[in-house]
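Coordinate inspection notes
Below are the chains, spelled out letter by letter.
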Amino acid sequence: MNWQQRIDRALEARRAAQALRGRTALQPLPGGRIGYQGKIWLNAASNDYLGLSHHPAVIRAWQQGACEYGVGSAGSGHVTGYSPAHQGLEAALAEWLGYPRALLFISGFGANQAVIGALMAKEDRILADRLSHASLLEAASLSPATLRRFAHNDSGALGALLAKPLSGQQLVVTEGVFSMDGDSAPLADIARESQRGDALLMVDDAHGIGATGAQGRGSCQLAGVRPDLQVVTFGKAFGVSGAAVLCSESMADYLLQFARHLIYSTAMPPAQAMALGAALQVIRSDEGAALRGRLEGHIRTFREQVAGLPLTLGSSATAIQPLIIGDNQQALALSQRLREQGLWVTAIRPPTVPVGTARLRITLTAAHSDDDITTLVAGLAHACQ
Ligand SMILES: *Cc1c(COP(=O)(O)O)cnc(C)c1O
């Protein structure tokens, strides 16, 4: 098979499985809206859980940062790309989450690759929740260590795997809130098993940080745990992009030496670090608490209203409210009927989710109004008639 045949065949297989993915150029708008083809749509598919992507203070901080520092960082942090803006943000994040150190990364995907890549050796074992994000599972399978996936949110299954003899070290990997199901990990149980098994615990709280917990400190604060490594990302509730790894002094020093994504990649723009600092201030403030309260209200209303519809709602208590449809074609058709009503909801299909669990991944945000939630549920009722 030559290159062209290989590419054509792979695309054809995706098409045949109704699993071809596409992109649409959309105009992000405030108020939980997007613009497309001259119309305004209710956006129930974004991860901007608090609506901070359009927050005036965050925008202003980015603008001021650009004036002060220019638009790019002009180098890896190890060369000339590390500024007082980066330093200040790392210190603020570490203090907020109660860790000695925080290290900034340009993406959560990269942070997960970097940490797992820098830590694991051949004789080691990674124990990851089956439903962990692609960035974690891919990093784990690319690493020289053995990857074992444990049953979703099953700390007993994790404990059994941890007890198996091994010459090397063990790393336990899970998420605070699962990205496609919206359910939360039993972090206290998982932390206990990890400790008993003398394993390092890494929690990726991409969807919990900012959106939940006191001062928005996320799933770990809610569960009362402090994992050895906590990954937080800024493309969701922070409304910006980027990520940070929270850890001990020695772990941070180690990652600065061995995490290749930090060493061989341009640091995030200082202006972005300024915007993230402003987003963090909002998240920690009374305004942040009010936004989280509003989001919780929307989640409650949505779940109450959808309970009366012939739809399968997951057990999520978070902003991610998946409606499990099963069949790819049916999920696509349903999202199409929602589009016809001005509602932007994406159908998520395998391999992002297990085969036979295609779903509408509905996300609610604090930027939505009470009426938006009612409109969304009415749209769903109409679409599944
Ligand atoms: C979105 C996400 C990531 C990737 O973060 P980016 O900053 O978008 O690269 C990593 N882990 C989880 C659980 C995510 O949901």
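Structure's up top.
Here is a short report on the structure shown in this document. Keep in mind the model is a prediction, meaning the values are calculated, not measured. (Residues numbered from 1 in each chain as written. Predicted model: local features only at pLDDT ≥ 70, side-chain atom pairs only at ≥ 80, totals over all residues. Heavy atoms only, no water.)

Adjacent strands of a sheet form backbone hydrogen bonds with each other and so pair up, either parallel or antiparallel. Taking strand neighbours across the sheet as the criterion, the four strands line up as 11-12-15-14 in an open arrangement whose pairing is antiparallel. Whereas interior strands pair on both sides, the edge strands pair on one side only; in this sheet they are strand 11 (312-313) and strand 14 (346-348). Where strand 14 and strand 15 (residues 358-363) come together, three bridges link them in antiparallel fashion. By the bridge assignment, threonine 346 is partnered in strand 15 with arginine 361. Docked against the sheet, helix 12 (residues 286-306) engages strand 11, strand 12 (320-326) and strand 15, running at close to 25° with respect to strand 12. (Pairing = 2+ DSSP bridges. Helix = DSSP H or I, 4+ residues; strand = E, 2+ residues; numbered from the N terminus. Contact = heavy atoms within 4.5 Å. Axes fitted to C-alpha atoms, helices over the stretch in contact; angles between N-to-C directions.)

A separate point is the environment of aspartate 48. With respect to the helices and strands, aspartate 48 occurs in the loop between strand 3 (39-43) and helix 2 (56-69). Residue classification places aspartate 48 among the buried positions, given a relative accessible area of 15%. Remark: the alpha-carbon pair of aspartate 48 and phenylalanine 234, spanning 186 residues in sequence, is separated by 9.6 Å. Once residues within four sequence positions are removed from consideration, aspartate 48 is found in contact with Ser53, Lys236, Gly239 and Thr365. (Buried < 20%, exposed > 50% of the residue type's maximum accessible area, 1.4 Å probe, protein only.)

On to the site of the ligand, then. Among the 14 residues in the neighbourhood of the ligand, the closest are listed as Gly108, Phe109, Asp204, His207 and Lys236. Separating an oxygen atom of the ligand from a backbone N or O atom of glycine 108 is a distance of 2.7 Å. A distance of 2.9 Å is found between an oxygen atom of the ligand and a backbone nitrogen or oxygen belonging to phenylalanine 109. In isolation the ligand has 380 Å² of accessible area, and contact with the protein removes 82% of it. Among the elements that line the shell around the ligand, the one with the most residues is helix 4 (residues 108-119), at three residues. Of the residues contributing to the shell around the ligand, the split by class is two nonpolar, nine polar and three charged. (Near = heavy atom within 4 Å. Polar contact = N/O pair within 3.5 Å; in protein donor to acceptor, adjacent residues only side chain to side chain. Areas by Shrake-Rupley, 256 points an atom, 1.4 Å probe, with all protein chains shown as cover. Nonpolar A, V, L, I, M, F, W, Y, C, P; charged D, E, K, R; others polar.)

The next thing to look at is the environment of isoleucine 59. Among the secondary structure elements, isoleucine 59 is positioned in helix 2. Residues isoleucine 59 and valine 282, 223 residues apart in the sequence, show an inter-C-alpha distance of 12 Å. With residues near it in sequence (within four places) discarded, isoleucine 59 still touches Ser53 and His54.

There is about 1,200 Å³ of room inside the largest pocket. Contributing to the lining of the largest pocket are 45 residues, with Leu26, Ala45, Ser46, Trp344 and Thr346 lying nearest its centre. Looking at the lining of the largest pocket, the elements that each hand over two or more residues are strand 1 (27-29), strand 2 (33-36), helix 13 (328-339) and strand 14. Looking at the lining of the largest pocket, the element that brings in the most residues is helix 13, giving four residues. Looking at the lining of the largest pocket, its residues break down into 15 nonpolar, 22 polar and eight charged. (1 Å grid on protein atoms, 1.4 Å probe; cavity = no way out; pocket = protein on both sides within 12 Å on 5 of 7 lines; lining within 4 Å. Points joined across faces, edges and corners; volume = space filled by probe spheres on them.)

Attention now goes to the pattern of salt bridges. Tallied over the entire structure, the rule returns eight salt bridges. Between arginine 33 and aspartate 372 there is a salt bridge, with the nearest N and O atoms lying 2.8 Å from each other. Taken as a pair, arginine 33 in strand 2 and aspartate 372 in helix 14 (residues 370-383) lie far apart in primary sequence, 339 residues in all. Overall, arginine 33 belongs to the partly exposed group, its relative accessible area being 24%. Accessibility expressed as a relative area gives 7% for aspartate 372, which makes it buried. A salt bridge links arginine 101 to glutamate 249; the shortest N-O distance between them is 2.7 Å. One end of the pair, arginine 101, is in strand 4 (residues 101-105); the other, glutamate 249, is in helix 9 (residues 249-258), and 148 residues separate them in sequence. For glutamate 249, a relative accessible area of 42% puts it in the partly exposed group. (Salt bridge = Lys/Arg side-chain N within 4 Å of Asp/Glu carboxyl O.)

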